[in-house]
Structure formats: C-alpha cells, structure tokens
Amino acid sequence: MVQILLIDMTDKNALLQSKLHYKILDALRGIAALVVVVFHILEIHSGGDHTKQLLNHGYLAVDFFFILSGYVISYAYDDRWDIMSLGHFFKRRIIRLQPMLIFGAIFGAVLFYFQDSEILGWGRISEVAVWKLLILTSMSFFLIPVGKGLDIRGWNEMFPINGPSWTLFFEEIANISYALVLRRLTNKIMFILVLVAMLFTIHYSLTNPQGDIIGGWAIDDPTQLKIGFIRLAFPFLAGIVLARTVKVGKQKYSFLLASVLLVVCLVMPRIGGHEHLWQNGLYECVCLIIVFPFIVWLGASGEVKGATAKVSDFLGNISYPIYITHFPIVYVYMAWVSNHNYTLEKSWPFAILTMLVSVIVAIAAMRLYDMPTRLWLKSKYLSKK
C-alpha cells in the first residue's frame, strides 16, 4: 500500500511539472521589469508632473504583469485540481514569490539610511529608530501593509522600505481569489466579470483627475486602494479568460514582435497633455484591453531556440529579482539627485550606473540566493505529499 501511494504521488508530481513552459512570456515579463527600472530612474526628473515623465507609460508594466499572472496561473493550474490540493497550490506560490520578497525587504532596509533627502521630504529617514525599521522589515516579509502611522518615508506607501512590494500584495490577493473562487467559475461567468472589470477600467481611465492609471500603493487611502483593485481586476481576469478560451497558434518571430510591441506601448510619450487628459486614458484603455492580451497571445504562440532561447531564459529568470530589488537602489539615486538639485543632463552617468547596479544585484540575487533557495524548498516541501 505504501509503495502504491508513493508511486501515485510521484505520478502526481510528474503531472504537475509536465506542462509546456512559455519561455517568451517569461522573457516579456523581464523586458517589462527592465522598463520599470528605467521608468523609476527617470521619474525623479519629471518634478512630479506625469506629463513630463520621459519614459511615460512605464507604469503600465504593472498591468501587464497582472494579465501575465492571470494567463499563466490559469494555464498552469486549471486542469490540475483533481491531483492538487489547495495547500499544494499555495506552497508552490509561496516558494515562487517569498524568497525574493524577503530578500527585497532586507535589501531595502540595508539601504534605507542612505536615502535621506530634505527636498523629497525624506529628511526624517535619519531619525527613524532601528527597532521601527526592523519591525517594518519583518512585516514586509509577510506582505503586511502599513498606513500613515508607520510611514517612515513620507510617500504613503504600504511598503515604505521597498515600494514595489505593493504589487505583490495585490498578486497575493489574486492568487487567493483564484484558488478559492475563480477557478470554479464557468467561462460564461468569467466573461461577465471581465466585462464589468473592463467597464470600471474604462470609466476610471477616462475620468480620473490625472489622466492616467498610476497608483495603488497606499492601504489607507480609499482612492489609491480603488486604483489598485481596478488595475488588478481586469488584467488578471482577462488573463484567465484568455488562457481558457483562446487557442494559441504557431507564429513566426513572435518573440521579436511581442517584445517590440510591448516596449512601444510602455515608452509611448504622454498623449493629450493637461488639456485633454481623457486622450491618455483612452490610450491606456487600448493598451490594457486590446494590445496587452494580443501580446500575451503572440508570446504564447511562439518558440525560441538557440541563442534566442538563452536570452529569453535570462530575461525570464531576472524579471522578478530585478523588479523586487531595484527600487531601494533607485531611492538612493533619487535622494542624491534631489539633494544636489541635478538635472538629467548632469546626472545621466549616475542614472546609467544605477541601472547597471540594479541589474548586477538582481543577477547575483537570482543565482546565489533565489534559485538555490527555491530548489531547496521544492525538494523539501513539494517532492513529497
């Protein structure tokens, strides 16, 4: 009996690992993450004016991440629930996300006191007690958001040590929603939910006072929280529906075409200016509702071989590490620029250096920590039931 159970469990683990891996989709996530790094580096030079941001639509990478997550999770797990428990699903998601989340929090804490800036309103950073920093770091390990009472930076971020963690907070909500509810819903109900979420997205994009869908990082600001759920709902649900209902084909040059199209969407200059905010909102709707789903389909419809496959693997492997580690480095760059009142013309060598350091840190974290840690956790917690 024991032998039969072991064989059965081995078969189940093999089935859980057997699906085709969409390398191009991983690579697209890496490209989007690199664009986010450049977006954040240049953000300080906009003076807080969204219309003057040089790499203007880089923030849409977050929405692209959400549609990728919906697509990949649905594709990977929809037909596995007869051989997989809720516990097994959550173990897999925790092993995928938690190690780098912890690393990013510690890295953010290490660099925190190097981020003083009176001009940015961060001057009190040097006055923050170490015990408070350690508490916030520990809370970040478990994605416990904080409000203004523990805002040690002054930007009202739910994760002030490492701002981009807010997207992981919503990613966690998406994973829980999928495992408990969404996976059980019929395609018809999912289509209705996607339609409702799309209408909310269109309404907010065309009517919000800033003309863009930026936001979602504050837990105690009703407007920010609304933006966060709007940004999560449509792309994640659309990704699930796309995976369930649209068949992938075999497209030539899909990696190149999808990459170029994604970069064009993310670096497009601001549309409409202050006079016609709705025009930029309309552009965002086109990206979110039409272009991003097409890019995901295109990426899932292609293959990569040889040197292109190596590039694709590298981009996919680095995507999460660079996303979750770059902002503490960018915080330092922002503080330095603001303290010296430097324009981009004066600071561009250091902007490039910030980018290079972000990539190097991500590669080191990926190879020396993330991959070995996840491999060990998988062998310990997923090889046996």
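Note that the coordinates shown come from a computational prediction; the quantities given were computed from them, not determined experimentally. (Residues numbered from 1 in each chain as written. Predicted model: local features only at pLDDT ≥ 70, side-chain atom pairs only at ≥ 80, totals over all residues. Heavy atoms only, no water.)

**Remarks on the overall build of the chain**
And step 1. Looking only at helices and strands, one finds twelve helices and zero strands in the chain.
And step 2. Tracing the chain from N to C terminus, the helices and strands come up as α-α-α-α-α-α-α-α-α-α-α-α.
And step 3. Taken against the 2.2 N^0.38 rule, which gives 21 Å for 385 residues, the C-alpha radius of gyration of the chain at 21 Å falls within 12% of a compact globule.
And step 4. The principal-axis extents of the C-alpha atoms in the chain amount to approximately 70 × 45 × 45 Å. (Helix = DSSP H or I, 4+ residues; strand = E, 2+ residues; numbered from the N terminus. Rg over C-alpha atoms; globule rule 2.2 N^0.38 Å.)

**A word on the packing of helix H2 (residues 23-43) against helix H3 (residues 60-77)**
And step 1. Contact geometry of H2 with H3 gives a least axis separation of 10 Å together with a crossing angle of 160°. Classified by the angle between their axes, H2 and H3 sit roughly antiparallel to one another. H3 is crossed by H2, and the crossing has left-handed handedness. Residues Leu25, Leu28, Arg29, Ala32, Ala33 and Val36 of H2 lie in contact with H3, whose contacting residues are Ala61, Phe64, Phe65, Leu68, Tyr71 and Val72.
And step 2. Broken down by class, the residue content of the contact of H2 with H3 amounts to eleven nonpolar, no polar and one charged. (Axes fitted to C-alpha atoms, helices over the stretch in contact; angles between N-to-C directions. Parallel < 35°, antiparallel > 145°, perpendicular 65-115°, else oblique. Left-handed = near helix turned anticlockwise from the far one by under 90°. Contact = heavy atoms within 4.5 Å. Nonpolar A, V, L, I, M, F, W, Y, C, P; charged D, E, K, R; others polar.)

**Thoughts on the pattern of salt bridges**
And step 1. Enumeration according to the criterion identifies seven salt bridges in this entry.
And step 2. Here Asp313 ties to Lys23 by a salt bridge, and the two come within 3.7 Å at their closest N and O atoms. Residue Asp313 is found in helix H11 (residues 306-340), and its partner Lys23 is found in helix H2; the two are separated by 290 residues along the sequence.
And step 3. Residue classification places Lys23 among the partly exposed positions, given a relative accessible area of 33%.
And step 4. With a closest N to O distance of 3.2 Å, Asp26 and Arg29 form a salt bridge. Taken together, the residues span about one helical turn, with Asp26 and Arg29 both in helix H2 at a distance of three residues.
And step 5. You can call Asp26 buried: its relative accessible area is 18%. (Salt bridge = Lys/Arg side-chain N within 4 Å of Asp/Glu carboxyl O. Buried < 20%, exposed > 50% of the residue type's maximum accessible area, 1.4 Å probe, protein only.)

**Quick notes on the packing of H11 against helix H12 (residues 344-381)**
And step 1. Closest axis-to-axis distance for the H11/H12 pair is 7 Å, and the angle between their directions is 140°. Looking at the two axes, H11 sits oblique to H12. In the crossing of H11 with H12, the sense of the turn from one axis to the other is right-handed.
And step 2. For the contact of H11 with H12, the residue count by class is 19 nonpolar, six polar and one charged.

**Observations regarding the nonpolar core**
And step 1. Grouped together as the largest cluster of nonpolar side chains are 110 residues, with contacts concentrated most on Leu28, Leu60, Phe64, Tyr178, Leu262 and Phe292.
And step 2. It is H11 that contributes the most residues to this core, 14 residues altogether.
And step 3. Discounting residues that sit within four places of it in the chain, Leu60 has contacts with Ile213, Arg231, Leu266, Tyr283, Glu284, Cys287, Leu288 and Phe292. (Core = buried A, V, L, I, M, F, W, Y, C linked by side-chain atoms within 4.5 Å.)

**Focus: helix H6 (residues 165-180)**
And step 1. Here H6 is 16 residues long and its end C-alpha atoms lie 23 Å apart, about the 22 Å a rise of 1.5 Å per residue gives.
And step 2. Of the positions making up H6, those classed as buried are Ser165, Trp166, Thr167, Leu168, Phe169, Phe170, Glu171, Ala174, Asn175, Tyr178 and Ala179. (Expected span 1.5 Å × (residues − 1).)

**Some points on the environment of Asn187**
And step 1. Tracing the sequence through the fold places Asn187 in helix H7 (residues 187-207).
And step 2. Relative accessible area serves as the criterion here: at 33%, Asn187 is assigned to the partly exposed category.
And step 3. Through-space distance from the C-alpha of Asn187 to that of Ile240 is 9.4 Å; in sequence the pair is 53 residues apart.
And step 4. Contact partners of Asn187, with chain neighbours within four places excluded, come to Arg244 and Thr245.

**So, the packing of aromatic side chains**
And step 1. For the structure on display, the rule yields 26 aromatic pairs.
And step 2. On the numbers, 4.9 Å between centres and 70° between planes, the contact of Trp336 with Tyr342 is edge-to-face.
And step 3. The partly exposed category is assigned to Trp336, whose relative accessible area is 24%.
And step 4. Pairwise contacts between aromatic rings join Phe159, Trp166, Phe169, Phe170, Trp217 and Phe229 into one cluster.
And step 5. Positioned above the aromatic ring of Trp81 is the side chain of Arg183, whose terminal nitrogen or guanidinium carbon lies 3.8 Å from the ring centre. (Phe/Tyr/Trp six-rings, centres within 6.5 Å; stacked < 30°, edge-to-face > 60°. Lys NZ or Arg CZ within 6 Å of the ring centre and 35° of its normal.)

**Some remarks on the state of the cysteines**
And step 1. Counted according to the given criterion, the structure contains zero disulfides.
And step 2. Free of any disulfide, Cys285 has its nearest neighbouring cysteine sulfur in Cys287, separated by 9.4 Å.
And step 3. Among the cysteines around Cys287, which has no disulfide bond, Cys265 carries the closest sulfur, lying 4.0 Å off. (Disulfide = S-S within 2.5 Å.)

**Quick look at the side chain of Ser117**
And step 1. Assignment of secondary structure puts Ser117 in the loop between helix H4 (86-111) and helix H5 (130-141).
And step 2. Take Ser117: its relative accessible area is 1%, and that puts it in the buried class.
And step 3. Residues contacting Ser117, with those up to four places away along its chain left out, are Trp122, Gly123, Ala335, Ser338 and Asn339.

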